[in-house]
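# Report on the structure
Chain by chain, the residues:
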Amino acid sequence: MKRLTPRGLFWLKGLLHLSFLTPIIYLVVMVLTDNAGGDPVQYIIHYTGMGAINALVVTLLISPIAKRFRQGLLLQTRRLVGLYVFAYASLHIAAFISLDLLFAWGFLFEEIIKRPYILVGAACFIIATFLALTSFQAIKRKMGKGWQSLHNWVYVMALLAPIHFYWSVKSEIIEPSIYIGVFVLLLWYRRKTIKQWLFKLK
Amino acid sequence: MASKKGFTKGISNTPSWSLKENEVTPESVFSDRRNIIKAMGLGALGASLPGQVQAGLFDLFGSEDKPPFAVQGLDYSKPNQFQIVDRLTPEDKIIRHNNFYEFGTSKQDPFENAQQFQVNPWELRIEGLVDKSLTLDLNDLTTKFDLEERIYRLRCVEAWSMVVPWVGFSLAELLKMAGVSSKATHVAFETLFDPDQMPGQKNRLMGGGIHYPYVEGLTINEAMNELPFLAVGLYGKTLPPQNGAPVRLVLPWKYGFKSIKSVVRIRVTDKQPPTSWNQLAPHEYGFYANVNPQVDHPRWSQASERSIGEGGLFSAKRIPTQMFNGYGEQVADLYKNLDLRKYY
């Protein structure tokens, strides 16, 4: 099989940007043209949440694919996709706070404490924020070995995000169950790494 | 397409649950969303997009473009005690934001999937512990009773709310016509079961895992109260299918899911009937489902609600939820001896 060249990587990154930006543009058009329902609030929140969870699946697919097909350069797309997880998660939370809660901050903190599914979602967002803030090369170099250890927290996200999804729905549990299955597979594939990481954390 | 009636006003006999003038949303300071879109030159895009997308899809599946569901105008009176001094939720929001899992679980699914729904012929049967069973057809629903408009607040368990002008008749009137036996303790309701027309009943993924047909129930005392309403219309016209055509129940002091849609059967019984959401998740949805700001749902605080009114995305308001959705004066007596934390 042909190796991914730096030039190929450039185009692949462009394609990834396009495939993560297009859904956001589509959402904006749907909302502006009144095609997101009579009250688009839940639509927007669900849509951006699904975007975040799908981007997380893609992030976690990159290294298995790179290994299986011996495409080392592919690993360089992880930061890009990971930042889209953060971008979609930020939109998801911004929509929840601004459109649903209408900036009732006191109420937000009360809800985070009272509702386990919101707490789980908030934990995911906090992890995503730390990973995004430390995603710059300069910081990565400064952090040395600690960087990888911090970024392994993505596994915790992979566990919590589908739980948050499953827990948040009223009755349509088939789709969230599929996501739980997918994430369990992605984590199972990394069981050795995760074991070592957890051992070090102790 | 919707003829906006604006907001109904001027009542001598103001009920306790009406909002005061100063609680009403001020004229939106936001420009109308459509003007913004027009200014951005997106209007043409908006007008062309759905049609084209739809046409494209229909082409793919080889069927022709079908017209949307046709609604007809209704004659009705406006009894004073049921007019709220409040801003109505615009019609296009009421008909495009629906929980009607028979047509899909997302809010816009019913609008998209219900337009071909057949309401004629229709049979609504009233049976069980009654003096005489009744069968009403589509015509009976709009001619057998003096229709009236009632503006009711609708509060969804998901913590959003609307103000809706329904047209219809009171449930008690219908039950009196059938003659309720003294042995009766409850009334059970059932939605149409027709998987060919209701894709959510055919496909578990689409129907949210609910056991169909959808069923609901009331105690006989609740049913004979003045508030329970059988709506056959919305905004002065017959109901669109996504709102429960041709006839639905409206119970303004209970969470929206109790207000069963597209009813085909009303059965007077001497037992508490099963109810769909209670069957699915009994710890989350009780039989009574009275709006109660003190008792939270596991996922939604019920202390406040997002009121869906006029204007764009950012013009909604969060308002405190009232006990019995503000209809306590009419219904609180029904629950005098009931622990509402236990019987949620």
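Look a little higher up for the structure.
Described in the following lines is the structure provided in the data block. (Residues numbered from 1 in each chain as written. Chains lettered and ligands numbered in written order. Predicted model: local features only at pLDDT ≥ 70, side-chain atom pairs only at ≥ 80, totals over all residues. Heavy atoms only, no water.)

### Describing the overall build of chain B
How we decide: Here a strand is any run of E in DSSP of at least two residues, a helix any run of H or I of at least four, and the numbering for each starts at the N terminus. A 1.4 Å probe rolled over the protein chains alone gives each residue an accessible area, and that area as a share of the maximum for its type sets the label: buried under 20%, exposed over 50%, partly exposed in between. Where accessible areas are quoted, they stem from the Shrake-Rupley method and a 1.4 Å probe; at the residue level, only the protein chains shown are allowed to cover.
The helix and strand tally for chain B stands at 11 helices and 12 strands. The 344 residues of chain B split such that 55% are buried. For chain B, the computed accessible surface area is about 15,400 Å², with 52% contributed by carbon and sulfur atoms.

### Points about the pairing of strand E7 (residues 229–234) of chain B
Residue and element names in this part refer to chain B. Heads up, the condition is: DSSP bridges decide pairing: two strands pair if at least two such bridges lie between them.
Of all 6 residues in E7, 6 are buried, a share of seventy percent or more. Across 5 bridges, the pairing between strand E4 (residues 160–170) and E7 is antiparallel. Counterpart to glycine 168 in the pairing with E7 is alanine 231. As paired elements, E7 and strand E9 (residues 248–250) share 3 bridges and run antiparallel to each other. Residue pairing across strands places alanine 231 opposite arginine 248, the latter belonging to E9.

### Quick look at the pairing of E4(B)
Residues and elements named next belong to chain B. Burial within E4 is extensive, with 11 of its 11 residues counted as buried. The antiparallel hairpin formed by strand E3 (residues 148–155) and E4 contains 4 residues in its connecting segment, where alanine 159 sits at a positive phi of about 70 degrees. As defined by bridge partners, E4 adjoins strand E11 (residues 304–307) across 2 bridges and the pair is classed as parallel. Counterpart to serine 161 in the pairing with E11 is serine 307.

### Focus on the packing of aromatic side chains
The criterion, for reference: Under the pairing criterion, centres of Phe, Tyr and Trp rings, with the six-membered ring standing for Trp, must be within 6.5 Å; the plane angle then separates stacked pairs below 30 degrees from edge-to-face pairs above 60, leaving the rest tilted.
In total, this model carries 22 aromatic pairs over all chains according to the counting rule given. Summarising the aromatic geometry, the rings of A:Phe86 and A:Phe125 are spaced 5.9 Å apart at their centres and angled 10 degrees between planes, so their arrangement reads as stacked. Within this pair, whereas A:Phe86 is found in helix H3 (residues 78–100), its partner A:Phe125 is found in helix H5 (residues 116–133), the two being separated by 39 residues in sequence. By relative accessible area, which is 21% here, A:Phe125 ends up partly exposed. Centre to centre, the rings of B:Phe324 and B:Tyr335 are 5.4 Å apart; their planes meet at 20 degrees, and the pair counts as stacked. A residue pair is termed long-range when its members are at least 10 positions apart, and B:Phe324 in the loop between strand E12 (317–320) and helix H11 (328–331) and B:Tyr335 in the segment after H11 qualify at 11 residues.

### Things to note about a nonpolar patch on the surface
For clarity, the threshold we go by: Patch membership requires more than 30% relative accessible area and the absence of a salt bridge. Residues of like charge join within 9 Å; the nonpolar side chains Val, Leu, Ile, Met, Phe, Trp and Tyr join within 5 Å. Note on definitions: salt bridges are taken to be side-chain nitrogens of Lys or Arg within 4 Å of carboxyl oxygens of Asp or Glu.
Taken together, the side chains of A:Tyr166, A:Ile173, A:Ile174, A:Ile178, A:Val182 and B:Leu205 define a hydrophobic patch exposed on the protein surface, amounting to about 480 Å² of accessible area. Top element by residues in the nonpolar patch is helix H9 (residues 174–188) of chain A. It accounts for 3 residues. Within the secondary structure layout, B:Leu205 lies in helix H8 (residues 204–207). Take B:Leu205: its relative accessible area is 47%, and that puts it in the partly exposed class.

### Some details on the pattern of salt bridges
Summed over all chains, the structure comprises 23 salt bridges over all chains. Of the charged contacts in the structure, one is a salt bridge between B:Arg125 and B:Glu127, with a shortest N-O distance of 2.9 Å. With a shortest N-O distance of 2.5 Å, B:Glu284 and B:Arg299 are connected by a salt bridge. With B:Glu284 in the loop between helix H10 (276–280) and E11 and B:Arg299 in the loop between H10 and E11, this residue pair connects regions lying 15 residues apart in the sequence. Since its relative accessible area comes to 4%, B:Arg299 is described here as buried. It is possible to trace a salt-bridge network through shared partners that takes in A:Glu110, A:Glu111, A:Lys114, A:Arg115 and B:Asp296.

### Some thoughts on the side chain of B:Ser315
Residue and element names in this part refer to chain B. Put simply, the rule is: Throughout this description, a polar contact denotes any pair of N or O atoms lying within 3.5 Å of each other; where both atoms belong to protein, one of them has to be capable of donating a hydrogen while the other can accept it, and for residues adjacent in sequence the pair is counted only when both atoms sit in side chains.
When you line up the elements, serine 315 lands in the loop between E11 and E12. By relative accessible area, serine 315 is classed as buried at 15%. Of the polar contacts made by the side chain of serine 315, one reaches the backbone oxygen of glutamate 310; its length is 3.0 Å. Among the polar contacts listed, one links the side chain of serine 315 to the backbone oxygen of glycine 312, at a separation of 2.6 Å.

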